[in-house]
Amino acid sequence: MRTKYIFVIGGVLSGVGKGITTASIGRIFKNYGFNVSAIKIDPYINVDAGTMNPVEHGEVFVTEDGDETDQDMGNYERFLDTDLFSTNYMTTGRVYQSVIEKERSMFYKGHCVQVVPHIPFEVIERIETAAKKTKAEVMVIEIGGTVGEYENILYLEAARMMKLDHPDDVAIVLVGYMPVPSHLGEMKTKPTQHAARTLNNSGLQADIIVARGKYALDKPRKEKLALFCWMKPENIVSAPDVESIYELPAVLEKQNISKLLAKLLKIKLPEKKSTEWDKFATKVSAVHKKLKIAVVGKYFATGDFTLADSYISVIQAVKHAAIWNGADAEMTWIDSEGFEKDPASVKDLKNYDGLIVPGGFGTRGIEGIINAIRFARENNVPYLGLCYGMQLACIELARNVLGIKDAHTVECDPGTKNPIIHINPMQAKNVASNRYGGTMRLGAYDCELKKGSKVRALYGSDHISERHRHRYEFNNDFREQIENAGLEFVGVNKEKNLMEVIELKNHPYFVGSQFHPEFKSRPLHPHPLFVGLIKAGLKK
């Protein structure tokens, strides 16, 4: 079967739900047994997402091969239950860089290199390369941004070219917003109408419109959209808010989106489909135990609002583990700077069933995080530290158990005499020469687990592989002291003798990982370290 391409394009505003729509469409076709993959196109000049501000852009998701990508790549992996790679992600910076490098090496044999057609040609080549690498029968492609922006016009042009060359292999899905202004109390179609017409100006006609909004689309609104967007009413699909994003595939499928796309793309749908996802969705609605999880960090605030997107993979990993244990995890975002301004307020953590300190960078809020870790250690609050959360747990123990009062990380205090966390020589060279983009320890690395440890029991294996994103490492000069104080290193990368996992003796659950386990958690396969936290929290 020739690869079929489904482009998902957004209208009206960012964050309308393109990523989850893309992932849901992919999941639906995977349920039918097709080999499905997905691509995210980011219209930023950045070569990758690694240098983007998480408060503005959201989480940086790391692939198995170490690419720093948009958070939607994580959604794709979770819904499709598969690994994606650097070939599944592109940015404007990456595309232009490639074209310029080709021009410099005479790839174009002296021809004038132009924005059109050479940039769209490069985009098409990358899409087809990703399809071949993943052996995709169905490739779902999300074009970032919204129609009408200068930033993504060249990607729409690439979609137009592909649609023109292979009309039976390309489908266009427009995700439009259907607001209900509070002063009117009526759902308005005009924003999506304008988005559809703007898409027409790019030479594309939407085959399907996914109407996003708080409420389901009613018949009058559907008929109005069909009339003004030049399409049949049955090709307009409603996507109202749902309690869990994992319910969306079922919502879309009830409206026959798979049959609509199959007809457009000349795909023969099999009679049987997988029910594995449906079983998980049933578990989502069956949870009954309540858990309170505190997430202490610093990438939460953007003006007067809280941006949970900075840690979207952590949120989903907690949900996966909780659902499989019949629990509903209520997560509270706590800015660690509050514990610095009012140290006594750290006692409020006793009201939670578990504490997570996620990854981060820089000095802001660090002392507040260390205060929170100390409280969890001394008061048997289940704790999971991720990357920075592991490093700061080592520093906390060194200060408050070993009495090394100036123990620190060289990231925050380059002149510390007791660098519990230091930088390896290769990373030191990168920092000295201002080489930041794509130079951290990234992607999957092996780790050996200690027999008899809680972490080894959770994984059920001596050997694991996990994804990383950091520059600084635990300083092995302090290993013996730290372990004598009760904090064991139960996971080690033996190839480079790097400390990967810590576990505190005589504590219900006090675990930290140098890697980011959240990147490999899936709805159908919750991550062991998060399962351990949830189980300990339920016991508490």
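Owing to the predicted nature of the structure, the values given are computational and were not obtained by experimental measurement.

Asker: Explain the overall build of the chain here, please?
Answerer: Counting its regular elements, the chain contains 19 helices and 23 strands. Over its C-alpha atoms the chain spans a radius of gyration of 25 Å, differing by no more than 12% from the 24 Å that the globule rule assigns to 540 residues. On the principal axes, the C-alpha backbone points of the chain span a range of 70 × 60 × 45 Å. Within the chain, the fraction of its 540 residues that count as buried is 57%. Restricting the contact set of the chain to residue pairs at least 6 apart, pairs at least 24 apart contribute 73%. Summed over its atoms, the accessible surface of the chain is roughly 23100 Å², and 51% of this surface lies on carbon and sulfur atoms. Here the chain contributes 69 positively and 67 negatively charged side chains, and the mean placements of these two sets differ by 4 Å.

Asker: Can you walk me through the packing of aromatic side chains in this structure?
Answerer: Aromatic ring pairs are described here by two measures, namely the spacing of the ring centres and the angle between the planes. Summed over the entire model, instances satisfying the criterion amount to 11 aromatic pairs. Aromatic pair Y246 and F280: ring centres 5.4 Å apart, planes at 75°, arrangement edge-to-face. In this pair, Y246 sits in the loop between β9 (236–240) and α9 (248–253) while F280 sits in helix α11 (residues 276–286), placing the two residues 34 residues apart along the sequence. A residue is classified by how much of its surface remains accessible, and Y246, at 2% relative accessible area, is buried. Over the face of the ring belonging to Y352 we find K292, whose NZ or CZ atom lies 5.2 Å from the ring centre.

Asker: What's the story with the sheet that holds strand β19 (residues 463–470) in this structure? I'm lost.
Answerer: Across a sheet, paired strands are connected by hydrogen bonds in the backbone, their directions being either parallel or antiparallel. Ordered by their spatial adjacency, nine strands build an open sheet running β13-β10-β14-β15-β23-β22-β21-β18-β19, and the pairing between neighbours is mixed. What marks the edges here is a single partner per strand, and that holds for β13 (327–335) and β19. Neighbouring strand axes in the sheet, compared pairwise and without regard to direction, differ in orientation by 25° on average. Relative to β19, strand β18 (residues 441–449) runs antiparallel, the two being bridged by eight bridges. By the bridge assignment, A444 is partnered in β19 with R467. Running over the sheet, helix α14 (residues 366–378) touches β10 (289–297), β14 (354–357), β15 (383–386), β22 (498–504) and β23 (510–513) and is turned about 145° from β14.

Asker: Would you take a moment to explain a nonpolar patch on the surface for this structure?
Answerer: Where nonpolar side chains cluster on the molecular surface, the patch consists of V12, L13 and Y177 and spans about 210 Å² of accessible area. With respect to the helices and strands, Y177 occurs in strand β7 (residues 170–177).

Asker: Which parts of the structure should I look at to understand the nonpolar core?
Answerer: In globular proteins that are soluble, nonpolar side chains generally tend to be buried together. Core analysis: the largest hydrophobic core is formed by 48 residues, its most contacted members being I6, I25, F29, I257 and L261. Ignoring anything within four residues of it in the chain, the contact list for I25 reads I6, V8, V140, V173, I257 and L261. Core analysis: the next-biggest nonpolar cluster, separate from the first, contains 45 residues, A136, A195, A211 and M231 among them.

Asker: Teacher, can you tell me more about the sheet that holds strand β2 (residues 36–42) here?
Answerer: Taken in spatial order, the seven strands make up an open sheet running β5-β2-β6-β1-β7-β8-β9, and their pairing is parallel. At either margin of the open sheet sits one strand with a lone partner, and together these are β5 (89–91) and β9. The sheet shows a mean angle of 20° between the axes of neighbouring strands, taken without regard to direction. Relative to β5, β2 is paired through three bridges, and the arrangement is parallel. Residue pairing for β5: K40 is matched across the bridge by Y89. Contacting β2, β5 and β6 (138–143), helix α3 (residues 72–80) crosses the sheet at an angle of about 170° to β2.

Asker: Is there a simple way to explain the pairing of β23 in this structure?
Answerer: Look at any regular strand and the pattern is simple: side chains alternate between the two faces of the sheet. In β23, alternate side chains face the same way, and those of F510 and G512 on one face and V511 and S513 on the other are all buried. Across four bridges, the pairing between β15 and β23 is parallel. Residue pairing for β23: Y383 is matched across the bridge by F510. Where β22 meets β23, three bridges bridge the pair, whose relative direction is antiparallel. When the sheet's bridge partners are listed, E503 is paired in β23 with V511. Counted along the chain from β22 to the antiparallel partner β23, the turn is five residues long, and its residue N506 has a positive phi close to 55°.

Asker: What am I meant to see in the environment of E448 here?
Answerer: If you trace the backbone, E448 turns up in strand β18. The exposure class of E448 is partly exposed, given its relative accessible area of 29%. A C-alpha to C-alpha distance of 8.1 Å links E448 and V490, two positions 42 residues apart in sequence. Apart from residues lying up to four places away in sequence, E448 is in contact with D462, H463, V490, G491, V492 and K494. Polar contacts involving the side chain of E448 include one to the side chain of H463, which spans 2.8 Å.

Asker: What is the right way to read the pattern of salt bridges from this model?
Answerer: Inspection of the entire model under this criterion finds 37 salt bridges. The closest approach of N and O atoms between K520 and E64, which form a salt bridge, is 3.6 Å. With K520 in the loop between β23 and α19 (528–539) and E64 in the loop between β3 (61–62) and β4 (68–69), this residue pair connects regions lying 456 residues apart in the sequence. Assessed through its relative accessible area of 22%, K520 is described here as partly exposed. For the salt bridge of R212 with D241, the shortest nitrogen-to-oxygen distance reads 3.1 Å. Taken together, the residues R212 in strand β8 (residues 208–213) and D241 in the loop between β9 and α9 connect sequence positions 29 residues apart. In this structure D241 comes out as partly exposed when scored by relative accessible area, which is 44%. Overlapping salt bridges, with partners in common, bring together E64, E77, D81, D83, R467, K520 and R522 in one network.

Asker: So what exactly am I meant to see when it comes to helix α15 (residues 388–400) here?
Answerer: Three- or four-residue spacings in an α-helix give side chains the same orientation, since the helix completes a turn every 3.6 residues. Helix length check: α15 (13 residues) gives 18 Å between terminal C-alpha atoms against 18 Å at 1.5 Å per residue, within 8%. Among the 13 residues in α15, 12 count as buried, and that is most of the element. Among the residues making up α15, those that are buried are Y388, G389, M390, Q391, L392, A393, C394, I395, E396, L397, A398 and R399.

Asker: Looking at this structure, how should I read the environment of M440?
Answerer: As for its placement among the helices and strands, M440 is situated in the loop between α16 (425–432) and β18. Look past the residues within four positions of M440 in its chain and what remains in contact with it is E68, F361, Q427, R469, H470 and R471.

Asker: Where do I start with unusual backbone geometry in this structure?
Answerer: Generally, phi is negative for residues other than glycine and the peptide bonds are trans, each holding for most cases. A cis amide bond links V116 with the next residue in sequence, P117, at an omega value of 20°. Structurally, P117 can be placed in helix α5 (residues 115–134). Located in the positive-phi region is M106, a residue other than glycine, with phi close to 65°. Considering the arrangement of structural elements, one finds M106 in the loop between α4 (92–104) and α5. Phi is positive for N256, close to 65°, though the residue is something other than glycine. For N256, the location among the structural elements is in the loop between α9 and α10 (257–265). With a relative accessible area of 37%, N256 lands in the partly exposed category.

The rules behind each value
Residues numbered from 1 in each chain as written. Predicted model: local features only at pLDDT ≥ 70, side-chain atom pairs only at ≥ 80, totals over all residues. Heavy atoms only, no water. Helix = DSSP H or I, 4+ residues; strand = E, 2+ residues; numbered from the N terminus. Rg over C-alpha atoms; globule rule 2.2 N^0.38 Å. Buried < 20%, exposed > 50% of the residue type's maximum accessible area, 1.4 Å probe, protein only. Contact = heavy atoms within 4.5 Å. Areas by Shrake-Rupley, 256 points an atom, 1.4 Å probe, with all protein chains shown as cover. Lys, Arg positive; Asp, Glu negative; His and termini not counted. Charge placed at Lys NZ, Arg CZ, Asp CG, Glu CD. Phe/Tyr/Trp six-rings, centres within 6.5 Å; stacked < 30°, edge-to-face > 60°. Lys NZ or Arg CZ within 6 Å of the ring centre and 35° of its normal. Pairing = 2+ DSSP bridges. Axes fitted to C-alpha atoms, helices over the stretch in contact; angles between N-to-C directions. Patch = residues over 30% accessible without salt bridge, like charges linked within 9 Å, V, L, I, M, F, W, Y side chains within 5 Å. Salt bridge = Lys/Arg side-chain N within 4 Å of Asp/Glu carboxyl O. Core = buried A, V, L, I, M, F, W, Y, C linked by side-chain atoms within 4.5 Å. Polar contact = N/O pair within 3.5 Å; in protein donor to acceptor, adjacent residues only side chain to side chain. Expected span 1.5 Å × (residues − 1).

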